[in-house]
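Here is what each chain is made of, one letter per residue.
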Amino acid sequence: MRILAAVMGLVRWSWRTVRGLSQETGLDEVQILSVLLGHRDLIRSANSERFGPIFQLIERNEPAEESFVDKALDYLAMGRRRIA
């Protein structure tokens, strides 16, 4: 459960990488990925062109500024904006 706590623990990061979670928890990246994929009901995932698989706790509430900026950029890009 350290993995899930790490995903939701850092407020300053919306999305977490497997590598970042591994560095924070000290656990193996393969083990982290298997736990995250085993809890799809709690975790939202996406694929970043820069960072690879990224994860976010579904319950996480994004700050209003972050949500507004994301919506504005999506609108301006007409839905073609890449993640990270």
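The model shown is predicted, which means the values in this text are computed figures rather than measured ones.

Reading guide: rules and limits
Residues numbered from 1 in each chain as written. Predicted model: local features only at pLDDT ≥ 70, side-chain atom pairs only at ≥ 80, totals over all residues. Heavy atoms only, no water. Helix = DSSP H or I, 4+ residues; strand = E, 2+ residues; numbered from the N terminus. Polar contact = N/O pair within 3.5 Å; in protein donor to acceptor, adjacent residues only side chain to side chain. Buried < 20%, exposed > 50% of the residue type's maximum accessible area, 1.4 Å probe, protein only. Pairing = 2+ DSSP bridges. Core = buried A, V, L, I, M, F, W, Y, C linked by side-chain atoms within 4.5 Å. Contact = heavy atoms within 4.5 Å. Axes fitted to C-alpha atoms, helices over the stretch in contact; angles between N-to-C directions. Parallel < 35°, antiparallel > 145°, perpendicular 65-115°, else oblique. Left-handed = near helix turned anticlockwise from the far one by under 90°. Nonpolar A, V, L, I, M, F, W, Y, C, P; charged D, E, K, R; others polar.

S.K.: Tell me about the side chain of Ser48, and please be specific about residues and values.
M.R.: With respect to the element layout, Ser48 can be found in strand E2 (residues 43-48). A distance of 3.2 Å separates a polar side-chain atom of Ser48 from the backbone nitrogen of Arg50.

S.K.: So what's going on with helix H2 (residues 18-25)? Residues and values would help.
M.R.: Residues Val18, Gly20, Leu21, Ser22 and Thr25 constitute the buried set of H2. Of the residues flanking the end of H2, it is Gly26, one or two places downstream, whose phi is positive at about 80°.

S.K.: Quick one: what's the story with the sheet that holds strand E1 (residues 16-17), residue by residue and with numbers?
M.R.: Strand order in the open sheet made by the three strands is E1-E3-E2, with antiparallel pairing throughout. Strands with a single pairing partner mark the edges of an open sheet, and in this sheet they are E1 and E2. Two strands pair when backbone bridges link them, and E2 and strand E3 (residues 52-57) are joined in this way by six bridges, in the antiparallel orientation. The partner of Ile43 across the bridge, within E3, is Leu57.

S.K.: Outline the nonpolar core, supporting the account with residue identities and numerical values.
M.R.: Core analysis: the largest hydrophobic core is formed by eight residues, namely Val18, Leu21, Leu27, Ile32, Leu36, Ile43, Phe55 and Leu57. Of all the secondary structure elements, the ones that give two or more residues to this core are H2, helix H3 (29-38) and E3.

S.K.: Quick rundown of the side chain of Ser22? Include the residues and the values.
M.R.: Within the fold, Ser22 resides in helix H2. In this structure the side chain of Ser22 is engaged in a polar contact, spanning 2.7 Å, whose partner is the backbone oxygen of Leu27. With near-sequence residues (within four places) excluded, Ser22 lies in contact with Leu27, Asp28, Glu29 and Ile32.

S.K.: Outline the packing of H2 against H3, supporting the account with residue identities and numerical values.
M.R.: Running from N to C, H2 and H3 cross one another at 115°; their axes reach a closest spacing of 9 Å. Accordingly, the angle class assigned to the pair H2 and H3 is roughly perpendicular. When you trace H2 past H3, the crossing you get is right-handed. Across the interface between the two elements, Val18, Arg19, Leu21, Ser22 and Thr25 of H2 pack against Glu29, Ile32, Leu33 and Leu36 of H3. Per-class residue counts for the contact of H2 with H3 are five nonpolar, two polar and two charged.

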